[in-house]
Amino acid sequence: MTDSHSALPERSRRRFLKTCLASGIPLGLIQSSPLLTGLMYAREAEAQGGVNKTVVVYVPGGGIHDFWAPSTVGGELNMGPMSVGYDSVKDDCNFLLNMSHNNAGHGRMPILLTDRYHGKDSYDVFMGKQLGPTLPFAYVNLGVHSNGQGYMTRDNNSLIPFQDNPFTAFNLLFGEGATGSPKSAIIDAHQAAVNAIRTKLAGYETDRMDEHLAAIFDTERRLADMSGGSACPNLPDATDFELHNGTFTRQAKLQVDIAVAALGCSLTRSVSLALGNHQSQFRIPELGFQGHYHQSIHGGSGGLPNYPYYTEIRAHLGSLTAYLIQRLRDTGLLDSTIVVETTDMGHADKHSGDDVPLLIAGGGGAINTGVTTSVGSGYNNHDLLYTAAQVCGITFDTGREIPGIRV
């Protein structure tokens, strides 16, 4: 993730400053709290409406078409054993069938969100710069056990590591930006800034800020629970919080909550979240298979052709994307957000580039949802990103629009 203020286009900077001056709120106070900065940008963008936020989720290991592809019976979607994790949000999703991959296999993370390995912004960076150039963070890229096997986010020629530690992500977004800041200072600083300007805010804005503070406080409490409870005086950093397999699911849900709070507080308009990396060397011990996800695909399948362990883990990873969609829906953000789930192949035991499981969700009626879309031959993962950008009124510089998705 990166602070976007230093790279603001001059016109955007002038427009943002004009909004701040018109508010009657001291600029120094606004700059003291990213929440207030986000509020000022929300004022500026309020009249625009439409779909103006994007989230892309990376799930490694593809999926087996016959186990993943939902079927339609009597106008209702029936989820397959690999896609059952999306059941609670299936009416918010469009499941794409017959999709291909532009370069399937392991080691493809740097070109999942762009079409080249060098010198070009990835989708999450490109969209962040287009949708929210005046926001505190141009983009936010989070992960769960994602570093170490290649990166997905590229800012021009720089590959950007995932922020895998939810404590650090929380502090960077909502704290003072320095690890080890007292936990209470994070909430107190924002609360003091909000209280100082309550008389200058519209009623709905004070309600919105109170909701944001409540969501941040709840996430902070859950972080404290993970690190041993409220007795811990400081937010841990990557050196003193062990990101182990036993908490993979809890880490993923915390990262989702942090991402949703960042979008809701107008700290950013573009988030990417990687659930592991292309080698998938993580375990989810609450499931039946105790080996690594990679093993469940190759050699740990428990007997071909059913792949029970691969199926079980893939369904669980889908439920984490569903948790994100549900949280966006619960917070009223899904209508203004387009969500894309991408992956690196189709049938992972074959490293196939065919029948790649992809989905798009949200959009507030801008896309067809609660359906499957059978796509003609030749459309791939980059075309899905192009289509998602089009929903936001942005033309991504890679791909073409997939027919049948937009209303």
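Scroll up to find the structure.
Bear in mind the structure is a predicted one, so any value in this text is a computation, not a measurement. (Residues numbered from 1 in each chain as written. Predicted model: local features only at pLDDT ≥ 70, side-chain atom pairs only at ≥ 80, totals over all residues. Heavy atoms only, no water.)

**Student:** Which parts of the structure should I look at to understand the packing of helix 9 (residues 248-264) against helix 11 (residues 308-330)?
**Tutor:** A pair of packed helices is captured by two measures, namely the crossing angle of their axes and the spacing between those axes. In the contact formed by helix 9 and helix 11, the axes pass within 10 Å of each other and the chain directions differ by 25°. Between helix 9 and helix 11, the angle falls in the class roughly parallel. Both helix 9 and helix 11 take part in a crossing whose hand is right-handed. Here helix 9 contributes Phe248, Thr249, Ala252, Lys253, Val256, Asp257, Val260 and Leu263 to the contact with helix 11, which in turn contributes His316, Leu317, Leu320, Tyr323, Leu324, Arg327 and Leu328. Residues that form the contact of helix 9 with helix 11 fall into these classes: 10 nonpolar, two polar and three charged. (Axes fitted to C-alpha atoms, helices over the stretch in contact; angles between N-to-C directions. Helix = DSSP H or I, 4+ residues; strand = E, 2+ residues; numbered from the N terminus. Parallel < 35°, antiparallel > 145°, perpendicular 65-115°, else oblique. Left-handed = near helix turned anticlockwise from the far one by under 90°. Contact = heavy atoms within 4.5 Å. Nonpolar A, V, L, I, M, F, W, Y, C, P; charged D, E, K, R; others polar.)

**Student:** So what exactly am I meant to see when it comes to unusual backbone geometry here?
**Tutor:** Negative phi characterises most residues that are not glycine, and trans characterises most peptide bonds. The backbone of Asn156 sits at a positive phi, close to 60°, despite the residue not being glycine. Summarising the element assignment, Asn156 is placed in the loop between strand 7 (153-155) and strand 8 (158-160). The exposure class assigned to Asn156 is partly exposed, which follows from its relative accessible area of 42%. The backbone of Asp355 sits at a positive phi, close to 50°, despite the residue not being glycine. The exposure class of Asp355 is partly exposed, given its relative accessible area of 31%. (Buried < 20%, exposed > 50% of the residue type's maximum accessible area, 1.4 Å probe, protein only.)

**Student:** Please clarify how helix 12 (residues 381-391) should be interpreted in this entry.
**Tutor:** Turn by turn, an α-helix covers 3.6 residues, leaving residues three or four places apart pointing in a common direction. Taking burial as the measure, the 11 residues of helix 12 include 11 buried ones, the bulk of the element. Regarding helix 12, the residues found buried are Asn381, His382, Asp383, Leu384, Leu385, Tyr386, Thr387, Ala388, Ala389, Gln390 and Val391. At the C-terminal side of helix 12, Gly393 shows a positive phi close to 80°.

**Student:** How should the side chain of Thr153 be read in this particular structure?
**Tutor:** The topology assignment puts Thr153 in strand 7. Looking at Thr153, its side chain comes within polar contact range of the side chain of Asp124, at 2.6 Å. Not counting chain neighbours up to four residues away, the residues in contact with Thr153 comprise Ser122, Asp124, Val125, Tyr139, Asn141, Ser158, Leu159, Ile160 and Ser272. (Polar contact = N/O pair within 3.5 Å; in protein donor to acceptor, adjacent residues only side chain to side chain.)

**Student:** What's the story with the environment of Ala169 in this structure? I'm lost.
**Tutor:** Within the element layout of this structure, Ala169 appears in helix 6 (residues 166-174). The class for Ala169 is buried, based on a relative accessible area of 0%. Counting along the chain gives 27 residues from Ala169 to Leu142, while the straight-line C-alpha distance between them is 7.7 Å. Leave out the neighbours within four places in its chain, and Ala169 touches Met1, Leu142, Gln163, Gln255 and Ile258.

**Student:** Just to check I follow, could you spell out helix 6 for this structure?
**Tutor:** The buried fraction of helix 6 amounts to eight of the nine residues, a majority that puts the element mostly inside the structure. Considered for burial, the residues of helix 6 that qualify are Pro166, Phe167, Thr168, Ala169, Phe170, Asn171, Leu173 and Phe174. Capping the start of helix 6 is the job of one residue whose side-chain oxygen sits 2.8 Å from the backbone nitrogen of Phe167: Asn165.

**Student:** What is the right way to read the pattern of salt bridges from this model?
**Tutor:** When their charged atoms lie close together, side chains carrying opposite charge are able to pair. Enumeration according to the criterion identifies 11 salt bridges in this entry. Between Lys90 and Asp87 there is a salt bridge; the shortest N-O distance is 3.5 Å. The exposure class assigned to Lys90 is buried, which follows from its relative accessible area of 14%. A salt bridge links Asp115 to Lys120; its shortest N-O distance comes to 2.8 Å. Lys120 gets classed as buried once you look at its relative accessible area, which sits at 8%. Each of the salt bridges in this network shares a partner with another, and the network as a whole consists of Asp115, Arg116, Lys120 and Asp397. (Salt bridge = Lys/Arg side-chain N within 4 Å of Asp/Glu carboxyl O.)

**Student:** How should the packing of aromatic side chains be read in this particular structure?
**Tutor:** Ring pairs (aromatic) are described by centroid distance and by the angle formed between their planes. For the structure on display, the rule yields 10 aromatic pairs. Aromatic side chains Phe282 and Tyr293 sit 5.6 Å apart centroid to centroid with 35° between the ring planes, which places their arrangement in the tilted category. With a gap of 11 residues between them, Phe282 in the loop between strand 9 (270-275) and helix 10 (293-297) and Tyr293 in helix 10 connect regions that are remote in the sequence. Accessibility classification places Phe282 together with Tyr293 in one group, the buried group. Taken together through their ring pairs, the aromatic side chains of Phe248, Phe282, Tyr293, Tyr307 and Tyr310 make up a single cluster. Above the face of the Tyr323 ring, Lys253 is positioned so that its terminal group lies 5.2 Å from the ring centre. Across the ring face of Tyr379, the terminal group of Arg400 is positioned such that the distance to the ring centre comes to 3.9 Å. (Phe/Tyr/Trp six-rings, centres within 6.5 Å; stacked < 30°, edge-to-face > 60°. Lys NZ or Arg CZ within 6 Å of the ring centre and 35° of its normal.)

**Student:** Can you help me understand the packing of helix 6 against helix 9 in this one?
**Tutor:** It is the contact of helix 6 with helix 9, at a shortest axis distance of 10 Å, that shows an interaxial angle of 10°. In terms of orientation, helix 6 lies roughly parallel with respect to helix 9. Seen from helix 6, the contacting residues are Pro166, Ala169, Phe170, Leu173 and Phe174; seen from helix 9, they are Leu254, Gln255, Ile258, Ala261 and Ala262.

**Student:** Would you mind going over the pairing of strand 5 (residues 93-97) with me for this structure?
**Tutor:** Looking along a regular strand, one sees the side chains alternate between the two faces of the sheet. For strand 5, the tally of buried residues reaches five of five residues, placing the bulk of the element in the interior. Side chains of strand 5 alternate between two faces, with Cys93, Phe95 and Leu97 and Asn94 and Leu96 buried alike. Direction of pairing for strand 5 relative to strand 11 (residues 358-362): antiparallel, over a ladder of four bridges. Paired with Leu96 across the two strands is Leu358, which belongs to strand 11. With four bridges connecting them, strand 5 and strand 12 (residues 371-374) associate as parallel partners. (Pairing = 2+ DSSP bridges.)

**Student:** I would appreciate a short explanation of the environment of Lys350 in the present structure.
**Tutor:** Turning to its location among the elements, Lys350 is positioned in the loop between strand 10 (337-342) and strand 11. Taking the relative accessible area as the measure of exposure, Lys350 reaches 62% and is therefore exposed. A sequence separation of 53 residues divides Lys350 from Ile297, and the C-alpha atoms of the two residues are 9.4 Å apart.

Geometry only, nothing functional implied.
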